[in-house]
Amino acid sequence: MAMKIVVLNEEKMNYDHLLDFHQLGDDVVVFQHSSEEEICERVQGATIVITKELVLSEKMVEAFDDSIKLIIEAGTGYNNIPLDACNKKGITVCNIPAYSSQRVAQTAIMLMLNLASSMQMQLRMLERKDHSNFTQHLMVNHIELNDKVLGVVGYGHIAKETIKIALAMGMKVVVTARTPREDHDGIHFTSLEEVLKTSDFISLHCPLNKETYHLIGASQLALMKPTAYLINTARGALIDEQALIKVLQNKMIAGAGLDVLEKEPPLDNSPLYDMENVIITPHMGWKGKETRERLYQIIKSNVDHYLAGDPINVVNGTSR
């Protein structure tokens with residue numbers, strides 16, 4: 001008898017309809033999106049549930065059908081899934097590690113390059129029919145990345161890919177990581193405080209959990225140089241967004257490049273939309289076509305391995 005697989009929010013992963021989740025098994029039910037009220041009903045009778053950045057509360061998981069044995073978070077971060085509740089229910093949780101490392105690293109570097117060239121300001125000048133960048137000398141700041149200090153918070157797959165590109169561009173790299181390390185290959189490992197104080201660009205590449213929530217708040221932002229830029233392609237809540245907005249409005253740092261925000265999408269009246277020293281993008285780092293194809297293949301591998309009794313990419317204590 002085929003095991004039922006339920007995909008709760010396909011549109012998050014397959015907005016251009018280039019992927020076919022029905023190929024994951026013989027009995028696959030796909031929903032474009034699911035509200036909190038719809039989830040428990042929709043997973044009834046399922047063995048495997050697949051979600052992408054969809055918040056599953058403890059109460060919700062406790063009410064899940066006993067048939068559910070595997071939840072696949074179709075991404076690297078799994079802070080949206082209550083692992084303790086899953087353990088109590090005997091539900092295995094898998095994620096999709098390292099599928100988007102290169103693409104997210106490219107997004108971080110893209111944000112740095114655009115900020116270094118004041119590209120946001122230049123584009124807005126053109127929208128206003130202001131051609132003074134062309135008719136006079138360049139009217140906005142324009143700096144090189146070579147010899148600038150890149151501070152990296154975290155040292156996982158995406159961080160390493162970002163560092164690789166930064167070193168190739170001639171940047172100096174300092175890193176703060178959870179596990180102490182010796183300096184190597186031109187990378188200096190140090191404290192978060194030193195990273196914040198010495199870096200020209202600071203790029204966040206750590207998971208979101210109780211320890212890292214609002215890791216960058218008012219006191220940390222105050223340590224940054226007034227010429228420094230903050231880059232976040234990891235999770236929005238790593239930064240106290242209101243504190244960041246205040247610092248940006250007061251020009252206490254040079255700017256920010258944010259592919260992730262505390263609230264996604266941001267409210268229509270968010271000041272981040274209109275700041276010339278800020279670039280925001282719609283959590284696009286993982287959304288490249290090739291990246292999502294790789295995501296699908298790892299989802300399928302997770303399913304196949306679980307059905308064969310050999311689960312992989314397990315992030316909780318249950319694997320049955």
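Residues numbered from 1 in each chain as written. Predicted model: local features only at pLDDT ≥ 70, side-chain atom pairs only at ≥ 80, totals over all residues. Heavy atoms only, no water.

**A word on helix α11 (residues 289–307)**
Compared with the 27 Å implied by 1.5 Å per residue over 19 residues, the 27 Å span of α11 between its first and last C-alpha is a close match. Taken as a whole, α11 has its buried residues at Thr291, Arg292, Leu295, Tyr296, Ile298, Ile299, Asn302, Val303 and Tyr306. All buried residues of α11 project into a common sector of 165 degrees when viewed along the axis, lining one side. On its buried face, α11 sits against β1 (4–7), β3 (48–51), β4 (70–73), β5 (92–94) and α4 (101–116). At the C-terminal side of α11, Gly309 shows a positive phi close to 80 degrees. (Helix = DSSP H or I, 4+ residues; strand = E, 2+ residues; numbered from the N terminus. Expected span 1.5 Å × (residues − 1). Buried < 20%, exposed > 50% of the residue type's maximum accessible area, 1.4 Å probe, protein only. Arc of directions from axis to C-beta. Contact = heavy atoms within 4.5 Å.)

**Some points on the domain arrangement of the chain**
When the domains of the chain are assigned, the result is domain 1 (5–99 + 288–308) and domain 2 (100–280). Counting residues at the interface gives six residues for domain 1, matched by six residues for domain 2. Together, the buried faces of domain 1 and domain 2 total about 640 Å²; carbon and sulfur atoms form 43% of this surface. For the pair domain 1 and domain 2, the number of links is zero salt bridges. Where domain 1 touches domain 2, the interface holds one residue pair in polar contact (both at pLDDT 80 or more). Across the side of domain 1 that touches domain 2, the residue classes tally to two nonpolar, four polar and no charged. (Domains from an automatic or database assignment. Buried area = accessible area lost by both parts, 1.4 Å probe. Salt bridge = Lys/Arg side-chain N within 4 Å of Asp/Glu carboxyl O. Polar contact = N/O pair within 3.5 Å; in protein donor to acceptor, adjacent residues only side chain to side chain. Nonpolar A, V, L, I, M, F, W, Y, C, P; charged D, E, K, R; others polar.)

**As for the sheet that holds β4**
The five strands are arranged β2-β1-β3-β4-β5 in an open sheet whose pairing can be described as parallel. Either end of the sheet is taken by a strand with one partner, and the two such strands are β2 (27–30) and β5. Between one strand axis and the next, the sheet turns by 15 degrees as a mean value, whatever way the strands run. As paired elements, β1 and β2 share four bridges and run parallel to each other. Its bridge partner lying in β2, Val6 is registered against Val29. With respect to the sheet, α11 is in contact with β1, β3, β4 and β5, its orientation differing from that of β4 by roughly 160 degrees. (Pairing = 2+ DSSP bridges. Axes fitted to C-alpha atoms, helices over the stretch in contact; angles between N-to-C directions.)

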